[in-house]
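# Structural characterization, general
Chain by chain, the residues:
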Amino acid sequence: MIDNGAPLMVSLKSLRDRITSVKATQKLTKAMQMVAAARLRRAQESVLAAYPYSKKMAILLRKIKADIEGENVPLLISGTGKEKVHFIVIFTSDRGLCGSFNAHIVRSAKDFINARLDEGKDIKIMTVGRKGFDILRRDCEHMFLEHIDLREMKRIDFCYAEFLSKKIIASFKEGHFDVCTLFYSKFESVLHQKPISQKILPSLSFSIIKEEEMPMYEYEPDIALMLEDLLSKNVSIQILCALLENLTGEMAARMRAMDDATRNAGEMIKKLSSTYNRQRQSRITTELIEIIAGAEAL
């Protein structure tokens, strides 16, 4: 009886330990899902709050750009006159557990990089977020210009976006690259985030605004100086919108991934519990048969 029961006891203990472990994991994934859902709501509110400013900035810049044609156009619009060196800024997250969110962004950037290399262009890379750096480090280490870790940043705000834009604009004016393109994930819904690329330097793309919607402006003291300053701020607001969109997509992807993990843990618990109950019942039945057989032998 002891010899027959010992393997079953070990098996039952192992199953109990596994059930306990999976239940603990399920609690953790459920908590992470709830945290991601709360952060997703805040991130969506931040994105919606940034859009009106971005739209007004686009209207103003489109009008000023039309008025300044024929005069001294700032370098941020005219560019260097060539597209030899491309500067790629890739926004990803610092943490994982968000499904294929980061992989999709990096795959989109890699496709762009390979296409430019096939054309004979030079590539320089800046990664914002540890995951993108980790994925690209092996294949593209020689192309890296800089990496920025998001863990040092408490929150995404305009000051941080302005910090990034100043670094990019300063490098552009020093002639380190000819074209700058952002890669990030645009939030479309909780179930879908779309990796996109956005060229920010030069020839900044402004929103399409109808002529009749453009107000009339008087410029003081100088239209060229005003445009230079506004263009710098526009790069900052575009970077801010990209960061907020990326954060929103990350939270949505993590919420969905943790929801899937919680449901998978629940299914695993059911299967393990069913196996545990069957083995326990089998052990009890075996012991009863042995007791009855012993009693009949006496």
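Our subject in this report is the structure included herewith.

Calculation criteria
Each chain carries its own residue numbering, running from 1 in the written order of its sequence. It should be noted that, the model being predicted, local features are given only for residues of pLDDT at least 70 and side-chain atom pairs only at 80 or more, the latter also being counted only at that level, while totals for whole chains, interfaces and linings use all residues. Side-chain descriptors were evaluated using all non-hydrogen atoms of the structure, hydrogens and water having been removed beforehand. One bridge is not enough; two strands pair if DSSP finds at least two bridges between them. What counts as a helix is a DSSP run of H or I of at least four residues, what counts as a strand is a run of E of at least two, and both are numbered from the N terminus. Only C-alpha atoms enter the line fits that serve as axes; for helices the fit covers just the stretch in contact. Angles between N-to-C directions range over 0 to 180 degrees. Angles below 35 degrees are treated as roughly parallel, those above 145 as roughly antiparallel, those between 65 and 115 as roughly perpendicular, and all remaining angles as oblique. Note on convention: the crossing is left-handed when the near helix lies turned anticlockwise from the far helix by less than a right angle, right-handed when the turn is clockwise. Contacts are residue-level and defined by heavy atoms, with any inter-residue pair within 4.5 Å sufficient. Residue exposure (1.4 Å probe, protein chains only): buried if accessible area is under 20% of the type maximum, exposed if over 50%, otherwise partly exposed. Excluding any residue in a salt bridge, patches collect residues exceeding 30% relative accessible area, merging like charges within 9 Å and nonpolar Val, Leu, Ile, Met, Phe, Trp and Tyr side chains within 5 Å. Areas reported as accessible are Shrake-Rupley estimates using a 1.4 Å probe. Residue values count occlusion only from the protein chains shown. Criterion for a salt bridge: a side-chain nitrogen of Lys or Arg within 4 Å of a carboxyl oxygen of Asp or Glu. Positive charges come from Lys and Arg alone, negative charges from Asp and Glu alone, with His and the N- and C-terminal ends not counted. Each charge is placed at NZ for Lys, CZ for Arg, CG for Asp and CD for Glu.

So, about the sheet that holds strand S2 (residues 122-128). Read across the open sheet, the 5 strands follow the order S3-S2-S1-S4-S5; overall the sheet is mixed. Of all the strands in the sheet, just strand S3 (144-148) and strand S5 (192-201) have a single pairing partner and so form its edges. On average, adjacent strands in this sheet sit at an angle of 20° to one another, irrespective of strand direction. Summarising the sheet, strand S1 (residues 85-91) and S2 pair through 7 bridges and their orientation is parallel. Along S2, the bridge assignment pairs isoleucine 90 with threonine 127.

Close contact between helix H3 (residues 101-118) and helix H4 (residues 130-140) brings their axes to 9 Å; oriented N to C, the two are set at 45°. Considering their axes alone, H3 and H4 lie oblique with respect to each other. Here H3 runs over H4; the crossing is right-handed. Across the interface between the two elements, Asn102, Val106 and Lys110 of H3 pack against Lys131, Gly132, Ile135, Leu136 and Asp139 of H4.

Below, the discussion takes up the pairing of strand S4 (residues 179-189). Counting buried residues along S4, 8 of its 11 residues qualify, which places the element largely inside the surrounding structure. Strand direction decides the pairing type here: S1 and S4, joined by 5 bridges, are parallel. Looking at S4, one finds that valine 89 is bridged to leucine 182. Of the strand pairs in this sheet, S4 and S5 are connected by 9 bridges, and their pairing is antiparallel. Bridging across to S5, serine 185 finds its partner in proline 195. Remark: 2 residues form the turn of the hairpin made by S4 and S5, two consecutive strands paired antiparallel.

Right, let's talk about a positive patch on the surface for a bit. Taken together, the side chains of Arg39, Arg41, Arg42 and Arg95 make up a positively charged region of the molecular surface. Mapped onto the elements of the fold, arginine 39 is located in helix H1 (residues 2-68). Residue class for arginine 39 comes out partly exposed when judged on its relative accessible area of 36%.

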